[in-house]
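Architecture at a glance
In case you want the letters, here they are:
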Amino acid sequence: MHRDSCFLGSPFWLSSSRLANDWIDAARDREAGRTDKPIAAGVVSVGLARTVSLVLAVLAIALTLPLGPAATAAHLGFMGAGWAYNAGIKSTPFSVAAYVVGFGLLPFVVTLALPTPALPAAWAVVAAALLGVSAHFANALPDLEDDRRHGIRSTPQLVGVQVSVALIALALVAGAAFVVVGSGAFDVLRLVGLGLVVVVAGMCWWLGASRPPTRLLFRLIMAAALVIVALLAVSGRQLIA
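So, here's what we can say about the structure. The structure presented is a predicted model; accordingly, all values stated were derived computationally and were not measured.

Conventions adopted
Residues numbered from 1 in each chain as written. Predicted model: local features only at pLDDT ≥ 70, side-chain atom pairs only at ≥ 80, totals over all residues. Heavy atoms only, no water. Helix = DSSP H or I, 4+ residues; strand = E, 2+ residues; numbered from the N terminus. Buried < 20%, exposed > 50% of the residue type's maximum accessible area, 1.4 Å probe, protein only. Contact = heavy atoms within 4.5 Å. Areas by Shrake-Rupley, 256 points an atom, 1.4 Å probe, with all protein chains shown as cover. Phe/Tyr/Trp six-rings, centres within 6.5 Å; stacked < 30°, edge-to-face > 60°. Patch = residues over 30% accessible without salt bridge, like charges linked within 9 Å, V, L, I, M, F, W, Y side chains within 5 Å. Salt bridge = Lys/Arg side-chain N within 4 Å of Asp/Glu carboxyl O. Core = buried A, V, L, I, M, F, W, Y, C linked by side-chain atoms within 4.5 Å. Expected span 1.5 Å × (residues − 1). Arc of directions from axis to C-beta. Axes fitted to C-alpha atoms, helices over the stretch in contact; angles between N-to-C directions. Parallel < 35°, antiparallel > 145°, perpendicular 65-115°, else oblique. Left-handed = near helix turned anticlockwise from the far one by under 90°. Nonpolar A, V, L, I, M, F, W, Y, C, P; charged D, E, K, R; others polar.

With respect to the overall build of the protein chain
On a plain count of helices and strands, the protein chain comes out with 10 helices and 0 strands. Element order for the protein chain, N to C, with α for helix and β for strand: α-α-α-α-α-α-α-α-α-α. A burial count over the protein chain gives 43% of its 241 residues as buried. Considering only contacts in the protein chain between residues 6 or more positions apart, those separated by 24 or more positions represent 70%. Surface accessibility of the protein chain: about 11,700 Å² in total, with carbon and sulfur atoms responsible for 73%.

Next comes the structure, spelled out in structure tokens:
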């Protein structure tokens, strides 16, 4: 029941956050000619997107309630970081902080939802926060130049493409290393996972340093992130402090 609620709530929240990002950015997206976005293209109204976004956020919270008050509070913190990012932090030099806080709270949702709630291990929190760093820079890469022209001065815009890609690679490798070393389980599965992340991170760094960002780069980053998520998932009770 608890796990089902967690997995059911996540898609609602992700959809809500995406819609919120689009309706908040509707004016800028129209100015930038983002016809790939339904709101900017006029296919969906801002009012409808806002309403659906809020309804989905409420559903995400409702589906988290069976996890218990502590886990729900951690989930609310994660959601709050996302809303704060959409509402304005994303345009500041502190944009990455919202991802660090939000992703860093995810292990709390898992361990606080246990029959006997417990705090997560420090290594799991650090690994999740590093995953947030890589997610933030990866998410910003495709629109880096457009965002800069529209006056956004978030962390990725300030450091540029090559530094962003280097930080993504470092965050991915460090995140995987924290999971393997922190869990203390040096089995074949975890070592292969760490090796895959190192190889993919190296490819990401090489691609980012040698050419403009492409969808291939983004897919590679997401593949490495999924490996880290899988490594966290198989850690089981080692996630508990």
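Focus on the packing of aromatic side chains
Evaluated as defined, the whole model comprises 2 aromatic pairs. Ring centres of Tyr-85 and Tyr-99 lie 5.1 Å apart, and the angle between their planes is 90°; on these two criteria the pair is classed as edge-to-face. Of this pair, Tyr-85 sits in helix α4 (residues 69-87) while Tyr-99 sits in helix α5 (residues 95-112), placing them 14 residues apart in sequence. As far as burial versus exposure is concerned, Tyr-85 and Tyr-99 are alike and both buried. A ring pair is formed by Tyr-99 and Phe-103, whose centres lie 5.9 Å apart and whose planes are at 15°; its orientation type is stacked. Here the residue Tyr-99 and the residue Phe-103 both occupy positions in helix α5, the gap between them amounting to 4 residues, near one helical turn. On the basis of relative accessible area, Tyr-99 is assigned to the buried category, the value being 16%. Three or more aromatic residues link up through ring pairs in this structure, and these residues are Tyr-85, Tyr-99 and Phe-103.

Digging into the environment of Ala-97
The residue Ala-97 is located in helix α5 in this model. In sequence terms Ala-97 and His-136 are 39 residues apart; their C-alpha atoms lie 9.5 Å from each other.

Let's talk about a nonpolar patch on the surface
A cluster of nonpolar side chains, Leu-158, Val-159, Val-163, Leu-167 and Leu-170, forms an exposed patch at the surface whose accessible area comes to about 410 Å². Note that Leu-170 resides in helix α8 (residues 155-183).

Regarding the nonpolar core
In terms of nonpolar packing, the biggest core is built from 35 residues, with Leu-141, Leu-172, Ile-221 and Ile-228 touching the most fellow members. If you list the elements that add at least two residues to this core, you get α6 (122-140), α8, α9 (188-210) and α10 (215-233). Of the residues forming this core, the biggest block, 9 residues, is contributed by α6. When residues no more than four places from it in sequence are discounted, the contact partners of Ile-228 are Leu-131, Leu-172, Gly-175, Ala-176, Val-179 and Val-197.

A few points about α10
Taking 1.5 Å of rise per residue, the 19 residues of α10 would be expected to cover 27 Å, and the 27 Å separating its terminal C-alpha atoms lies within 8% of that figure. Among the residues of α10, Leu-217, Leu-220, Ile-221, Ala-224, Ala-225, Ile-228, Leu-231 and Leu-232 are the ones counted as buried. The buried side chains of α10 occupy one side of the element, clustering within an arc of 135° when seen end-on. Exposed positions of α10 whose direction lies more than 90 degrees from the buried face are Arg-219, Leu-226 and Ala-233.

Quick notes on the packing of α9 against α10
Viewed as axis vectors pointing N to C, α9 and α10 meet at an angle of 160°, and their least axial separation amounts to 9 Å. It follows that α9 is roughly antiparallel to α10 by the angle criterion. Handedness of the crossing formed by α9 with α10: left-handed. Between α9, through Leu-189, Arg-190, Gly-193, Leu-194, Val-197, Val-200, Met-203, Cys-204, Leu-207 and Gly-208, and α10, the contact on the second element is made entirely by Leu-216, Leu-217, Leu-220, Ile-221, Ala-224, Val-227, Ile-228 and Leu-231.

A look at the packing of α5 against α6
Running from amino to carboxyl end, α5 crosses α6 at an angle of 140°, the nearest separation of the two axes being 7 Å. As far as their axial angle goes, α6 and α5 are oblique. Between α5 and α6 lies a crossing whose hand is right-handed. Where α5 abuts α6, its residues Ser-95, Val-96, Tyr-99, Val-100, Phe-103, Gly-104, Pro-107 and Phe-108 lie against Ala-124, Val-125, Ala-128, Ala-129, Leu-131, Gly-132, Val-133, Ala-135, His-136, Phe-137 and Asn-139. Broken down by class, the residue content of the contact of α5 with α6 amounts to 14 nonpolar, 5 polar and no charged.

Focus: the environment of Gly-68
By the element assignment, Gly-68 lies in the loop between α3 (46-64) and α4. With 46 residues separating them along the chain, Gly-68 and Leu-114 place their C-alpha atoms 8.9 Å apart.

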